[in-house]
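# Notes for the structure review
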Amino acid sequence: MKRFFPIRLILLFFSVLTLCGCSNYSCNTCHDTHKVKCSLCKGDAKITCSSCHGTSRVRCFVCGSLGYKICSWCIGGYRYEYDYFSNSYQYKPCSSCHGLGRQTCMSCHGLGSHSCYNCDSGKTTCTKCRDGYVSCPDCTE
């Protein structure tokens, strides 16, 4: 015959009490703490950022997330400039973009994205709670 350990008996006793509704708590949802875990953040008090979706980077709107802009000084990398040595106009490589026809975006430094201003490492404070808990809906207090 198998013996019950005293811990098993105690656990069995408390499980029977909670099943029959004879517990010492007036509220079985929160056990008289008057707080339950937040359903939005699951008790972490942090949720995924809605701006960057957890990546902590947002698109650069200056360059359209490309990392570069079309050079405003030239057309296709060359400029029609006056050459003093030959005394005529000639197409020369643009000194602003070095003949590439595009310039690195100064807003994102060529990355195409910025760090998110709304969050810290992809997480932001929960909008429903402050500390991961909300007041119990079953309690009257």
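Our structure's up above, just so we're on the same page.
An account of the accompanying structure is given in this report.

Calculation rules
Residues numbered from 1 in each chain as written. Predicted model: local features only at pLDDT ≥ 70, side-chain atom pairs only at ≥ 80, totals over all residues. Heavy atoms only, no water. Helix = DSSP H or I, 4+ residues; strand = E, 2+ residues; numbered from the N terminus. Phe/Tyr/Trp six-rings, centres within 6.5 Å; stacked < 30°, edge-to-face > 60°. Lys NZ or Arg CZ within 6 Å of the ring centre and 35° of its normal. Contact = heavy atoms within 4.5 Å. Buried < 20%, exposed > 50% of the residue type's maximum accessible area, 1.4 Å probe, protein only. Pairing = 2+ DSSP bridges.

Here the focus is the environment of Val 58. Inspection of the secondary structure assignment puts Val 58 in strand 3 (residues 57-59). In sequence terms Val 58 and Ser 113 are 55 residues apart; their C-alpha atoms lie 5.3 Å from each other.

Within this structure, the stated rule accounts for 0 aromatic pairs. The ring of Tyr 68 is capped by Arg 102, whose NZ or CZ atom sits 4.4 Å from the centre of that ring.

Mapped onto the elements, Ser 113 comes out in strand 8 (residues 113-115). The contacts of Ser 113, once residues within four sequence positions are left out, are Arg 57, Val 58, Arg 59, Cys 60 and Cys 108.

Before going further, it helps to examine the side chain of His 114. Locating His 114 in the fold gives a position in strand 8. In contact with His 114, not counting residues within four places along its chain, are Ser 56, Arg 57, Val 58, Arg 59, Cys 60, Ser 107 and Cys 108.

The next point concerns the pairing of strand 6 (residues 88-93). Among the 6 residues that make up strand 6, 0 are buried, leaving the element largely open to the surroundings. Across 6 bridges, the pairing between strand 5 (residues 78-83) and strand 6 is antiparallel. From the neighbouring strand, Asp 83 faces strand 6, where its bridge partner is Ser 88. Connecting strand 5 to the next strand, strand 6, in antiparallel fashion are 4 residues, including Asn 87 with a positive phi near 60°.

Scope: geometric values only; no functional claims are made or implied.
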